[in-house]
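# Summary of structural features
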Amino acid sequence: MTADSNDLSPGLVLSAFRALRPASNGAELAALLCPPYDVISPGERAALLAGDPDNAVAVVLPQEHDGLDRYQAAAALLESWADSGRYVVDEHESLYVYEMRTAEGATTRGLLGAVELRDPADGVILPHENTMAGPVSDRLALMSATEANVEPIYLVYDGGGAASAAVRSVDGEAPLASATTPDGTTHTLWAIDDPAVLEGCAADLASRRALIADGHHRYATYRQLQEQLRAECGPGPWDYGLTLLVDSSSYGPQVHAIHRAVVGLPFAEARDAARTWGLAVEPVTDPAAAIAAAEGVDGFLVVITDGTESARITDPSGALRTASELPGEPAALAGLDVTMLHRGLVEQVWGRPDTVESLTYAHSIPEVLAAAAEAAGTAVLLRPTPVAAVAAVAAAGARMPRKSTLFTPKPASGLVMRRFADAGEPAAS
């Protein structure tokens, strides 16, 4: 399974592979699964390992062990799991149907496979967010040491063809594995290895493109690792990366906002600066209710709060949008709340640099309020960015500010991994 840079498909290529996965099911399997690396706190990591020391978090977020640095320790641990039989490699190359069903009954289902890596300029795999060097460097060190993709990226596409039919076809079949994690989500896995079905999926996807829903840093890492190993070894399994591909028209995920806390910015200063700049600032008593009620309202809108005082900020004159626009960029990007927040409110109105030292991120309102309190700052509540707007930005070749969208549910890490050695072409040490 290799790709030549001069012979790439015009569309998506999602190849079957031999998965490395736990040899367990039910509660025992659930104890081995964890969320993606970038949403796990130190406390959550410790709790996962207390439940089972072989939880995937030990490889996904490794620590130094027995004189090995954390990346070498991850590689040694992954090898020990395979040698001990706790993880096994499937005999046949397959595409895997993966379903996530939340406790509320919302279902997301897609195909796990190895996607052919593409330059964003090709217009086949479309990123929509900027990345940061630190996480890419970290993931690159992990993937280089383990010679594996230990977590999938998450792609969505507008389907309806043979690949979508293959995803539906497993209804009524016994799964390979199923487990319910503590958040109430049930993760279920089936394998498809019928050559005719695989050929049908390949033909269907060959003219399609996809949007990166989650995993921008991992995808950037895939491509950096590919560049390095191609220079050393030529084409190989590093020309592909572990991916969950979801047909958004049938089993699409939900999209949520990611809120911000501005470090060291008192609420009163944030409010008064917005007023001085000519923005509309209206006090609100319930910030969560205020941001929820704002979905569907046209124009820029955020809610700021320190947990005691709160206010809604809008841009009725359009001055903030004008100040946030860059020459030649698509209108789809300039008009987003998250763009105007970073370029307008943070940098110009509040005079803060748009850096990870100035802004922290949180997936829920309680988390962002706690982060703001800890940082003696102000929380900024955002509305979710519509999927159509995300797709429009990506299609125009533009990038949204980092951490602009949260797609849920997220794939569980540890359910399926992909080692280069299992493709028959191990990477050079």
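The text that follows walks through the structure, step by step, so that each part is easy to find. Given the structure is predicted, the values throughout are model-derived calculations rather than measurements.

### Focus: the sheet that holds strand E14 (residues 259-262)
Strands pair in a sheet through their backbones, by hydrogen bonds, and they do so in one of two ways: parallel or antiparallel. Reading across the sheet, the 6 strands line up as E15-E17-E16-E19-E14-E18 and stay open at both edges, with antiparallel pairing between neighbours. In this open sheet, the two strands that pair with only one neighbour each are strand E15 (280-283) and strand E18 (359-362). Here the average twist between neighbouring strands, direction ignored, is 25 degrees. Of the pairings in the sheet, the one linking strand E16 (residues 301-305) to strand E19 (residues 378-381) comprises 3 bridges and is antiparallel in character.

### A few points about empty space enclosed by the protein
One pass over the full model with this rule turns up 3 cavities of 30 Å³ or more. Approximately 50 Å³ is the volume attributed to the largest cavity. Lining the largest cavity are Arg 109, Gly 110, Leu 111, Tyr 157, Ala 163, Ser 164, Val 167, Leu 245, Val 246, Asp 247 and Tyr 251. Put simply, the parts of the chain that give the lining of the largest cavity at least two residues each are strand E5 (107-116), helix H6 (162-168) and strand E12 (240-247).

### Here's the deal with unusual backbone geometry
Of note in this structure, Glu 147 is not a glycine but carries a positive phi near 50 degrees. Tracing the sequence through the fold places Glu 147 in the loop between helix H5 (133-146) and strand E7 (148-149). Although it is not a glycine, Ala 376 sits at a positive phi angle of roughly 50 degrees.

### Overview of the environment of Thr 181
Relative to the assigned elements, Thr 181 resides in the loop between strand E9 (177-180) and strand E10 (186-192). Overall, the relative accessible area of 12% leaves Thr 181 in the buried class. As for Thr 181 and Cys 34, which are separated by 147 residues in sequence, their C-alpha atoms are 8.4 Å apart. Apart from the residues lying within four places of it in its own chain, the contact partners of Thr 181 are Leu 33 and His 187.

### Observations concerning the packing of H5 against helix H8 (residues 216-233)
At a closest axis distance of 9 Å, the pairing of H5 and H8 adopts a crossing angle of 55 degrees. Accordingly, the angle class assigned to the pair H5 and H8 is oblique. Judged by the sense of rotation from one axis to the other, the crossing of H5 with H8 is right-handed. Along its contact with H5, which presents Pro 135, Val 136, Arg 139, Leu 140, Met 143 and Ser 144, the element H8 presents His 217, Arg 218, Ala 220, Thr 221, Tyr 222, Gln 224, Leu 225 and Gln 228. Across the contact of H5 with H8, the residue classes break down as 7 nonpolar, 5 polar and 2 charged.

### A few points about the pairing of E12
Counting buried positions along E12 yields 8 of 8 residues, so the element is predominantly enclosed. Burial along E12 is two-sided: the face carrying Tyr 240, Leu 242, Leu 244 and Val 246 and the face carrying Gly 241, Thr 243, Leu 245 and Asp 247 are both buried. Strand direction decides the pairing type here: E5 and E12, joined by 7 bridges, are antiparallel. Bridging from a neighbouring strand, Gly 113 pairs with Thr 243 of E12. Both strand E8 (residues 153-157) and E12 contribute to a ladder of 5 bridges, which runs parallel.

### What about the packing of helix H4 (residues 70-84) against H5?
At a closest axis distance of 8 Å, the pairing of H4 and H5 adopts a crossing angle of 40 degrees. In terms of orientation, H4 and H5 fall into the oblique class. Both H4 and H5 take part in a crossing whose hand is right-handed. Residues Arg 70, Tyr 71, Gln 72, Ala 74, Ala 75 and Leu 78 of H4 touch H5, and the partners they reach there are Asp 138, Ala 141, Leu 142, Ala 145 and Thr 146. Here the residues of the contact of H4 with H5 are counted per class, giving 7 nonpolar, 2 polar and 2 charged.

### Brief notes about the layout of surface pockets
Each pocket or cavity is described by its volume, and for the largest pocket that value is around 1,300 Å³. Around the largest pocket sit 45 residues that line it, and Val 39, Asp 183, His 363, Thr 408 and Lys 410 are the ones nearest its centre. Elements with a contribution of two residues or more to the lining of the largest pocket: helix H2 (42-51), strand E13 (254-256), helix H11 (287-293), E18 and strand E20 (406-408). The element best represented in the lining of the largest pocket is E18, accounting for 4 residues. Looking at the lining of the largest pocket residue by residue, the class counts come to 24 nonpolar, 12 polar and 9 charged. Taken as a whole, the second largest pocket holds about 400 Å³ of empty space. Together, 24 residues line the second largest pocket, and Tyr 37, Asp 38, Pro 135, His 217 and Lys 403 are the ones closest to its centre. Those elements that place two or more of their residues in the lining of the second largest pocket are H5, strand E11 (210-214) and H8. Classifying every residue of the lining of the second largest pocket by side-chain character gives 9 nonpolar, 6 polar and 9 charged.

Scoring rules and cut-offs
- Residues numbered from 1 in each chain as written.
- Predicted model: local features only at pLDDT ≥ 70, side-chain atom pairs only at ≥ 80, totals over all residues.
- Heavy atoms only, no water.
- Pairing = 2+ DSSP bridges.
- Helix = DSSP H or I, 4+ residues; strand = E, 2+ residues; numbered from the N terminus.
- Axes fitted to C-alpha atoms, helices over the stretch in contact; angles between N-to-C directions.
- 1 Å grid on protein atoms, 1.4 Å probe; cavity = no way out; pocket = protein on both sides within 12 Å on 5 of 7 lines; lining within 4 Å.
- Points joined across faces, edges and corners; volume = space filled by probe spheres on them.
- Buried < 20%, exposed > 50% of the residue type's maximum accessible area, 1.4 Å probe, protein only.
- Contact = heavy atoms within 4.5 Å.
- Parallel < 35°, antiparallel > 145°, perpendicular 65-115°, else oblique.
- Left-handed = near helix turned anticlockwise from the far one by under 90°.
- Nonpolar A, V, L, I, M, F, W, Y, C, P; charged D, E, K, R; others polar.

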